[in-house]
Amino acid sequence: PTAIKCLLRRAAARDALAHFAEAVADLEKAERLDPGDEVTGEITTKLAAARRRREDAKAERALKRRLRDAKAATSRDGDVDGDVDVDVDGSEQDAFAQTVRLEKLMRRVGGTGGTSEDDGFVDYDAMEALLAKHESCRLYARGGGGVGIGKLASRLSNPPDARVGVGAAKALAAACVDEANCECLVSVPERVTAVVRFASSCKWRTGTDALDASFHALEALRECSRHLGPRSAVVAAFKRLCPSEDKVSSREPNGAGSSTRAFGALKDQLRLPEVDRDVDEEEDASDEPKKSAKKKAARARNARCALAVFGNLALDPGARALARRDFSTSETSTSVTTETEKEEDAFPHVIGRWIGSPFGDAETTRLAAAAIGNGCADPAWRAACVSGVHGASLCQRLFDALPAGPSRNRPRDAVPVGLGLGLAARRDARDGADARETPSGAKKNDPADAATEGLSRLETAASVLAALSNVLLEPRARAWVRGHADQAVQKLLPWLFAHTTTTDDRIAETEALATAASRAAATLSRCAREREVILALRSDRGAGGASTVASFVAATAHRVLSMDASESPSFAAESAALDGGTRALALVASFADAFATNAKEGDRLECSVLASTLADATASSLAACVSSSAVSDGVVGNAALALGDFARFDSLFPSLEKTEPALVPCLLAACRERKGAAQKNAAIACARLARHAPFMASLKEHHGLELIYSYVKP
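Residues numbered from 1 in each chain as written. Predicted model: local features only at pLDDT ≥ 70, side-chain atom pairs only at ≥ 80, totals over all residues. Heavy atoms only, no water.

Here we take up the overall build of the protein. When helices and strands are tallied, the protein shows 35 helices and 0 strands. A total of 714 residues make up the protein; the buried ones form 51% of that total. For the protein, restricting intrachain contacts to residue pairs at least 6 apart in sequence, the fraction spanning at least 24 positions comes to 74%. In the structure as shown, the protein presents an accessible area of about 31900 Å², 52% of it carried by carbon and sulfur atoms. (Helix = DSSP H or I, 4+ residues; strand = E, 2+ residues; numbered from the N terminus. Buried < 20%, exposed > 50% of the residue type's maximum accessible area, 1.4 Å probe, protein only. Contact = heavy atoms within 4.5 Å. Areas by Shrake-Rupley, 256 points an atom, 1.4 Å probe, with all protein chains shown as cover.)

So, in structure tokens, the structure goes:
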């Protein structure tokens, strides 16, 4: 272990000195020395990054040589220093020619504090197009320690006018499509701080230019926040610009001071648009509706980008701590006088109001739900989400925003969910849509359009379900569920079987839908903590949802136990679905009220019928889960708990006796191999089975009585 630590430290030093080949050699040796230790994950990540930097260094040296040779040839031939006009054919020669063009455009970009004339006639739109399309251009931008990216970031520090600021922000966002360029941008704190400050200084109410400027700066921050390393640097930049708590100025009634908060730049973009703002006096009055609509669309666009940025940043504990400070400041603000104003100013409610907002769309709802859900890793954020009037309606808005579940008889078109599509993916989608246009401008009916619609629907559902499963940890949120149990059950049940609507050759779609099913199962299990939901599921002898949950558990258990965890990409999602499903089943199958002293005989008989239905559907699957080493302690504990509840009914013993695999050996295996609640629940289930003579004989045969006595008094 000591040698491995030494290799890692030397690799870090060599990487910092740009000795990438030697750094890769050290990391490869460390990986060979420690192939099975828990630190291997760290080595693998560092090795991949070092290899990428090594290849970037090789490509950068080759590009420099070609640029140097091209300049020498230009000097000999007497060519003018103009733009290179070439046909775009995708060849290596074309990519190099476009890089030469970018180099000439970059040469004209002025420095910090310069005037607009310092940029000459820089075509920032052309620069953005080159950086978005050509990998060689993005490589040039980060070459030489990020000279090109540094020049663009410097223009954001003090832009001479809107054209330069917006143009530089657009080009920088295009360059940050690559993770390597994001790392280059954040490697110098002043660069990423300049981008954050530029986004903060552009208030949306000052005009369309400011809206565009903020949007492109937020685009760059969103691309950086998608990656683990750059994300931490972006959080640090927000923290640097946030004053200390004793210096935070109180917010003005119109929101002008919110940018002094931790995430004030994002908060300014997330305020819901007002109706018909004033138009410039020099504009014709007839242009007012058109201009107002354009501004509303721009504000919604900026809100989507700001939601994506915070959703990504909320994965970082430091960002959640900053966000907590922000909404805590709202509660103590001296200029926000009423409780309603304080509540509306709280950051969780500023985000939550975009869920189902008429000013947004399905994508806005998805991003807002993802931001809420990611922030819920902090208990204080989660509690703030459901506080007050706006918080009381959050569950209603989330359930309303949840799309209808897919039909079990019809395949869906979808791809895995993510925090954001990213600049490259959005441009690819845009280019593909343009290519599908007919000469007349009408769009053809293309299967890709249906796939895009399916993707949007699935991503929205997955994000909303994740937000619900997190928010429902709060008792205040579950209070809403008590009054809307039927609505919650009917919304969630169809998503349990989302994964059964795909075919085997659509692996990505299967994985994505398994994720949606697992989140639906987790949400249902948290709703099932309320008795009203349990009664809704048990209604009509299980037809209200209990039978559906049982079928889901049986089907999911069969898939999980037949999977190879190392080869199946959807194993983690399927395992999470099984965990949520068994938890919900254990709650539904808990018939303690039927055995109370004041229980009616009719109620006990009805519970017995339902328990028989559930046991017939799941007993074998639960027994297999209890004895399997491939599932978690949570699955084993809940499966054993459900089996123990079935064993309360004497009428079920004959059917439980026929379970394959046999119940007693499976439960005893859990007693010996598991710890904590899983072990205890298995022992209690054995004790209840011991009331039946054949099960008692099996317990004696397998020496299981002493395990029972350790938990249950004889």
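Backbone torsion omega between E660 and P661 reads 0 degrees, so that peptide bond is classified as cis. In this model, R541 sits at a positive phi of 55 degrees, which is unusual for a non-glycine residue. Along the chain, the position of R541 falls in the loop between α26 (531–538) and α27 (546–561). Phi is positive for H703, which is not a glycine, with a value near 55 degrees.

Here we come to the packing of helix α8 (residues 179–186) against helix α9 (residues 189–201). As a packed pair, α8 and α9 sit with axes 5 Å apart at the nearest point and diverge in direction by 95 degrees. It follows from the interaxial angle that α8 and α9 lie roughly perpendicular. Across the interface between the two elements, C184, L185 and V186 of α8 pack against P189, R191, V192 and V195 of α9. The residue inventory of the contact of α8 with α9, partitioned by class, reads 6 nonpolar, no polar and 1 charged. (Axes fitted to C-alpha atoms, helices over the stretch in contact; angles between N-to-C directions. Parallel < 35°, antiparallel > 145°, perpendicular 65-115°, else oblique. Nonpolar A, V, L, I, M, F, W, Y, C, P; charged D, E, K, R; others polar.)

The next thing to look at is the packing of helix α32 (residues 663–673) against helix α34 (residues 693–701). As a packed pair, α32 and α34 sit with axes 9 Å apart at the nearest point and diverge in direction by 45 degrees. On the basis of their axis angle, the class for α32 and α34 is oblique. Considering only the axes of α32 and α34, their crossing is right-handed. Along its contact with α32, which presents L663, V664, P665 and L668, the element α34 presents F695, S698 and L699. For the contact of α32 with α34, the per-class residue count stands at 6 nonpolar, 1 polar and no charged. (Left-handed = near helix turned anticlockwise from the far one by under 90°.)

Within this structure, the stated rule accounts for 10 aromatic pairs. A ring pair is formed by F399 and W480, whose centres lie 5.3 Å apart and whose planes are at 15 degrees; its orientation type is stacked. Of this pair, F399 sits in helix α20 (residues 394–401) while W480 sits in helix α23 (residues 475–483), and the two are 81 residues apart along the sequence. Arranged with centres 6.0 Å apart and planes meeting at 85 degrees, the rings of F497 and F552 form a pair that is edge-to-face. Taken together, the residues F497 in the loop between α24 (485–496) and α25 (507–527) and F552 in helix α27 connect sequence positions 55 residues apart. The two residues F497 and F552 agree in class, both being buried. Among the aromatic residues, ring-to-ring pairing joins F238, F263, F310, F347 and W381 into one connected group. The ring of F215 is capped by R301, whose NZ or CZ atom sits 4.3 Å from the centre of that ring. (Phe/Tyr/Trp six-rings, centres within 6.5 Å; stacked < 30°, edge-to-face > 60°. Lys NZ or Arg CZ within 6 Å of the ring centre and 35° of its normal.)

Here we take up the pattern of salt bridges. Applying the stated criterion to the full structure yields 28 salt bridges. Note that D178 is salt-bridged to R142, the shortest N-O span being 3.7 Å. Here R142 lies in helix α6 (residues 135–157) and D178 lies in the loop between α7 (162–175) and α8, a separation of 36 residues in the sequence. One network of salt bridges, in which partners are shared, links E135, R138, R142 and D178. (Salt bridge = Lys/Arg side-chain N within 4 Å of Asp/Glu carboxyl O.)

On to α24. Over its 12 residues, α24 runs 17 Å from end to end, which matches the ideal 16 Å to within 8%, given 1.5 Å per residue. Listed in full, the buried residues belonging to α24 are A485, A488, V489, L492, L493, W495 and L496. Within α24, the buried residues cover an arc of 160 degrees as seen down the axis, which keeps them to one side. Relative to its buried face, α24 has exposed residues pointing more than 90 degrees away, namely D486 and Q490. (Expected span 1.5 Å × (residues − 1). Arc of directions from axis to C-beta.)

Let us look at the nonpolar core. In this structure, M127 and F263 are the most contacted members of the largest nonpolar core, which totals 175 residues. Looking at which element gives the most residues to this core, the answer is helix α29 (residues 601–627), with 10 residues. Setting aside residues no more than four positions away along its own chain, M127 makes contact with L102, L105, M106, V109, V122, L152 and A171. Residues V24, L27, A30 and L47 belong to the second largest nonpolar core, which totals 10 residues. (Core = buried A, V, L, I, M, F, W, Y, C linked by side-chain atoms within 4.5 Å.)

Once that is clear, we can look at the confidence of the model for the protein. Predicted confidence across the protein gives a mean pLDDT of 78, with 74% of residues reaching 70 or more. Helix α30 (residues 633–646) holds the highest mean pLDDT among the elements of the protein, 93, whereas helix α21 (residues 422–435) holds the lowest, 40. Here residues 245–259 scores under 50 on pLDDT; set against residues more than four positions off or in separate chains, the count is 32 contacts. Low pLDDT, under 50, characterises residues 501–505; the stretch is placed with 11 contacts to residues that sit more than four places away or in other chains. (pLDDT = per-residue confidence, 0-100.)

Within this structure, the stated rule accounts for 0 disulfides. The thiol of C224 is not disulfide-bonded; the next cysteine sulfur, from C182, is found 3.8 Å away. As a non-bridged cysteine, C671 has C686 as the owner of its nearest cysteine sulfur, 4.7 Å distant. Judged by relative accessible area, which is 3%, C671 ranks as buried. (Disulfide = S-S within 2.5 Å.)

With respect to the secondary-structure elements, A619 resides in helix α29. With 40 residues separating them in the primary sequence, A619 and T659 have C-alpha atoms 6.5 Å apart. Once you skip the residues sitting within four places of it in the chain, A619 turns out to touch L614, L643, L656 and T659.

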